[in-house]
Number of protein chains: 2
Amino acid sequence: MSLLVVGSVAFDSVATPFGQVEEVLGGSGTFFSTAASFFTDVQLVAVVGEDFPDEHRRFLASREIDLRGLRTAPGRTFRWKGRYGFDLNEAQTLDTQLNVFETFRPELPAGYEDAEYVFLANIDPELQMDVLKQVKRPRLVACDTMNFWISGKREALLKTLRHVDLLVINEGETRQLAGEANLVKAARAVLAMGPKTLVVKRGEYGVIMFTEHSIFTAPAYPLETVFDPTGAGDTFAGGFMGYLASTRNLADANIRQAIIFGSIMASFNVEDFSLNRLKTLDIEQVHERFRQFRLLTDFSPED
Amino acid sequence: MSLLVVGSVAFDSVATPFGQVEEVLGGSGTFFSTAASFFTDVQLVAVVGEDFPDEHRRFLASREIDLRGLRTAPGRTFRWKGRYGFDLNEAQTLDTQLNVFETFRPELPAGYEDAEYVFLANIDPELQMDVLKQVKRPRLVACDTMNFWISGKREALLKTLRHVDLLVINEGETRQLAGEANLVKAARAVLAMGPKTLVVKRGEYGVIMFTEHSIFTAPAYPLETVFDPTGAGDTFAGGFMGYLASTRNLADANIRQAIIFGSIMASFNVEDFSLNRLKTLDIEQVHERFRQFRLLTDFSPED
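In the annotation of an unreviewed UniProt entry, chain A is listed under the name Sugar kinase and assigned to Trichloromonas acetexigens.

As structure tokens, this is what we get:
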């Protein structure tokens with residue numbers, strides 16, 4: 001039930017209408033592995049600079065995340081600065097400093113090649129492909145990507161997608177990748193590129209999942225306080241893949257359960273900056289919110 | 001189980017990326033009553049001009065809609081002209097000719113005052129209040145409104161809302177009415193204005209319903225062909241209220257079922273211009289799509 005994630009570990013500076021933080025712990029690999037750690041063992045492959053504090057490393061270790069793949073390189077850690085307006089669905093990037101991430105070449109430590117579940121967070125599709133060459137026979141490979149790669153490295157991305165079982169992207173990315181405005185048609189085009197399953201993230205509208213034969217919709221949990229959406233997509237993916245890896249079951253019904261667990265983890269994460277909410281979260285709160293999701297979507301006939 | 005609707009009957013001219021039509025049958029009262037007629041008897045109160053053709057009247061009568069309240073006034077029928085881009089969520093109004101609708105004063109024919117279910121479509125809130133003064137003791141009063149009344153006739157609207165059980169508006173209108181960006185907070189503010197239930201329409205993202213004690217989300221049916229969204233909201237309301245009136249059951253579980261039936265009717269209506277799709281729809285297709293909604297939202301554990 002090993003789950004491997006390759007992604008970024010970063011310092012985020014974020015301003016929302018509700019406050020702001022400077023250089024807090026962030027990055028796709030961080031959000032993903034923390035969320036997944038509620039369900040399963042996680043191996044994190046990423047790079048940080050010499051300025052990465054022990055405090056953060058201790059936090060990740062406290063989540064029992066395997067950090068043998070977290071390399072420290074000469075230089076500074078990746079930094080991202082962004083802000084959100086009242087429409088919390090879209091971040092405005094103010095500054096990106098790749099730093100040590102610029103020359104990141106994922107190398108799996110010994111033993112990681114046996115990973116059964118693999119998540120390739122949003123990095124250069126060529127690096128995603130490099131990772132796939134290093135794993136033996138995963139049961140499930142999932143990946144994320146973004147507009148930058150869809151337009152800038154389309155051929156490399158298409159090559160990676162041919163080796164990916166499940167793609168997790170947002171609605172605009174789905175339309176862009178397919179070149180099609182209608183989401184159902186766009187999804188069908190994306191499924192023809194390789195992935196058997198497409199999970200489309202829709203922010204406050206939840207998630208819609210497409211396979212060849214079925215469609216599944218899950219709402220986002222309605223929140224009175226969305227404090228900071230940073231990392232919501234990666235936290236979703238972490239909860240989703242963590243649950244799948246822990247249950248070792250890729251039946252459609254179980255993937256749907258995993259979608260709900262992913263949505264739950266994302267819903268907690270946006271309640272505070274950085275990973276602050278996940279730091280105090282316990283699994284009983286996760287299960288309580290699962291029951292809330294049932295009530296939220298239930299339309300069975302009256303007893 | 002009588003259902004009364006007061007709204008507009010209009011000629012619509014619509015252009016979408018997929019085609020265009022000139023002066024076809026439209027109007028909130030038309031879409032509502034046609035959708036509702038699949039479930040229950042409907043009484044339509046509206047006004048048309050002398051140019052309203054018998055053909056349309058015969059169609060409405062063929063749906064067994066009671067047309068005693070459809071008055072013919074000297075002059076021309078209400079006309080609306082609009083277009084949609086590839087983002088089919090928002091119409092751009094090109095022209096509005098109120099014509100006979102400008103001096104519309106709803107007067108209920110004898111017998112209509114006993115209506116048990118009342119829907120006040122999107123008209124001047126003062127006229128909505130006039131209608132409420134003419135009905136005796138409805139079991140459920142629902143209404144729609146729009147940005148024009150929220151900003152332009154706020155006091156009259158707030159007065160009407162104090163007499164309304166259920167409000168059906170879209171997401172932007174909810175935020176505008178409450179003056180609050182967060183939808184959950186906005187919904188709570190709207191519930192404090194009078195309605196016990198708030199049904200928020202979210203276009204292709206479905207519907208979210210708020211009561212004091214519960215939230216319910218329903219997806220929109222994922223369609224490969226959204227041909228013309230005109231009337232989707234009124235068709236939703238018609239299916240919703242029609243189902244409620246036919247079942248005479250205002251329990252939360254039954255209102256949720258009604259939301260699904262409303263969503264189904266709207267999903268059919270957008271598949272073609274005007275009421276063309278509803279004209280060929282039969283109730284078995286409605287029930288088949290209900291089964292599809294179950295599959296779409298189901299995340300029960302594997303058998």
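Asker: How should the overall build of chain A be read in this particular structure?
Answerer: In terms of regular secondary structure, chain A is built from 11 helices and 14 strands. The principal-axis extent of the C-alpha atoms belonging to chain A is close to 60 × 40 × 35 Å. When the 303 residues of chain A are sorted by exposure, 58% land in the buried category. Restricting to contacts in chain A with at least 6 residues of sequence separation, those with at least 24 account for 63%. When the accessible surface of chain A is split by element, carbon and sulfur atoms take 48% of a total near 12,100 Å². Separation of charge centres in chain A, based on 31 positive and 41 negative side chains, amounts to 5 Å.

Asker: Mind showing me how you'd approach the pattern of salt bridges here?
Answerer: Pairing is possible between side chains that carry opposite charge, provided their charged atoms lie close to one another. Overall, the coordinates contain 34 salt bridges over all chains when judged by the stated rule. A salt bridge links Glu126(A) to Lys153(A), with the nearest nitrogen and oxygen atoms 3.2 Å apart. Separated by 27 residues along the polypeptide, Glu126(A) in helix H3 (residues 125-134) and Lys153(A) in the loop between helix H4 (147-152) and helix H5 (154-161) bring together distant segments of the chain. Across the pair Glu171(B) and Arg175(B) runs a salt bridge, and its minimum N-O distance is 3.6 Å. Highlighted residues: Glu171(B) and Arg175(B), both in helix H6 (residues 171-178), separated by four residues, approximately one helical turn. Here Glu171(B) falls in the buried class, since its relative accessible area comes to 8%. The structure contains a network of salt bridges with shared partners spanning Glu171(A), Arg175(A), Arg202(A) and Glu204(B).

Asker: I'm lost on the interface of chain A and chain B in this one. Help?
Answerer: Many authors give the size of an interface as the accessible area that is lost as the parts come together. Taken residue by residue, the interface counts 38 residues in chain A and 38 residues in chain B. Across the chain A to chain B interface the summed buried area is about 3,300 Å²; carbon plus sulfur atoms make up 52%. Between the two partners, chain A and chain B, sit four salt bridges. Notably, a salt bridge pairs Glu204(B) with Arg175(A), separated by 3.5 Å at the nearest N-O pair. Viewed at the interface, chain B and chain A are joined by 20 residue pairs in polar contact (both at pLDDT 80 or more). Contributions of two or more residues to the side of chain A that touches chain B are made by helix H6 (171-178), helix H7 (183-191), strand E14 (215-218), helix H9 (252-269) and helix H11 (283-297) of chain A. Top element by residues in the side of chain A that touches chain B is H11(A). It accounts for six residues. Partitioned by chemical class, the residues of the side of chain A that touches chain B number 19 nonpolar, eight polar and 11 charged.

Asker: What should I look at first to understand the pairing of strand E12 (residues 197-201) of chain A in this one?
Answerer: Two faces make up the sheet, and in a regular strand the side chains alternate between them. Residues and elements named next belong to chain A. Extensive coverage of E12 is indicated by the burial of five of its five residues. Neither face of E12 is left uncovered, since the one carrying Thr197, Val199 and Lys201 and the one carrying Leu198 and Val200 both have all their residues buried. Pairing geometry for strand E11 (residues 166-170) and E12, over five bridges, is parallel. When the sheet's bridge partners are listed, Ile169 is paired in E12 with Val200. Of the strand pairs in this sheet, E12 and strand E13 (residues 207-211) are connected by five bridges, and their pairing is antiparallel. Bridge pairing in E13 links Leu198 to Phe210. A loop of five residues connects E12 with E13, the two strands running antiparallel in sequence, and Gly203 in this loop sits at a positive phi of about 60 degrees.

Asker: Hey, could you run me through the sheet that holds strand E2 (residues 10-16) of chain B in this one?
Answerer: In a beta sheet, neighbouring strands pair by backbone hydrogen bonds and run either parallel or antiparallel. All names here are of chain B. As summarised here, the arrangement of the four strands in space is E3-E2-E7-E8, forming an open sheet in which the pairing is mixed. Only two strands of the sheet have a single partner each, and these edge strands are strand E3 (19-26) and strand E8 (92-97). For this sheet, the mean inter-axis angle between neighbouring strands, taken without regard to orientation, is 15 degrees. With five bridges connecting them, strand E7 (residues 78-83) and E8 associate as antiparallel partners. Paired with Gly82 across the strands is Thr93, a residue of E8. Along the sheet, helix H1 (residues 28-36) makes contact with E2 and E3, crossing E3 at roughly 80 degrees.

Asker: I would appreciate a short explanation of the sheet that holds strand E8 (residues 92-97) of chain A in the present structure.
Answerer: All names here are of chain A. The strand order across the open sheet formed by four strands is E3-E2-E7-E8, and the pairing between neighbours is mixed. Among the strands making up the open sheet, the edge pair consists of strand E3 (19-26) and E8. Within this sheet the neighbouring strands show an average axis-to-axis angle of 15 degrees, counted without direction. Strand direction decides the pairing type here: strand E2 (residues 10-16) and strand E7 (residues 78-83), joined by six bridges, are parallel. Within the sheet, the bridge partner assigned to Ser13 lies in E7 and is Lys81. In the packing of helix H1 (residues 28-36) onto the sheet, the strands contacted are E2 and E3, and the crossing angle to E3 comes to about 80 degrees.

Asker: Explanation requested: the relation of the copies chain A and chain B in the structure shown.
Answerer: There are two copies of the chain, and a rotation about an axis plus a shift along that axis relates them. Structural alignment of chain A on chain B gives an RMSD of 0.0 Å, achieved by rotating through 180 degrees and translating 0.0 Å along the axis. Here the two chains are linked by the operation of a two-fold rotation axis. Closest approach to the rotation axis among the C-alpha atoms of chain A is made by Tyr205(A), whose C-alpha sits 3.2 Å away. By residue overlap, the copies meet face to face through one surface: 100% of the interface positions of chain A are interface positions in chain B.

Thresholds, definitions, all that
All residue numbers refer to position in the chain's written sequence, counted from 1. Both sets of labels track the order of writing: A upward for chains, 1 upward for ligands. Under the rules for a predicted model, residues below a pLDDT of 70 receive no local features and side-chain atom pairs below 80 are neither given nor counted, while totals for whole chains, interfaces and linings still include all residues. Values shown for side chains rest on all heavy atoms present in the structure; no hydrogens or waters enter the calculation. For helices the rule is a DSSP run of H or I covering at least 4 residues; for strands it is a run of E covering at least 2, with both sets numbered from the N terminus onward. Residue burial is assigned from relative accessible area. The probe radius is 1.4 Å, only protein chains are included, and a residue is buried under 20% of its type maximum, exposed over 50%, and partly exposed in between. Any two residues whose heavy atoms approach within 4.5 Å at even a single point are treated as in contact. Note on areas: these come from Shrake-Rupley sampling with a 1.4 Å probe, and a residue is covered only by the protein chains present in the view. Asp and Glu count as negative and Lys and Arg as positive, but His and the ends of the chain are not part of the count. One atom stands in for each charge, and that atom is NZ of Lys, CZ of Arg, CG of Asp or CD of Glu. Within this document, salt bridges are pairs made up of a side-chain nitrogen of Lys or Arg and a carboxyl oxygen of Asp or Glu, the two lying within 4 Å of each other. Two parts placed together each lose some accessible area under a 1.4 Å probe, and adding up what both lose gives the buried area. For this analysis, a polar contact is any N or O atom pair within 3.5 Å, provided that within protein one partner can donate a hydrogen and the other can accept it, and provided that sequence-adjacent residues contribute only side-chain to side-chain pairs. Residue classes follow a fixed rule: Ala, Val, Leu, Ile, Met, Phe, Trp, Tyr, Cys and Pro count as nonpolar, while Asp, Glu, Lys and Arg count as charged, and any other residue, Gly among them, counts as polar. We call two strands paired when DSSP finds no fewer than two bridges between them. Where helices are involved, their axes are fitted lines through C-alpha atoms of the stretch in contact, as for all axes, and angles between N-to-C directions lie from 0 to 180°. Superposition of the copies used a least-squares fit over C-alpha atoms from residues whose pLDDT is at least 70 in both.

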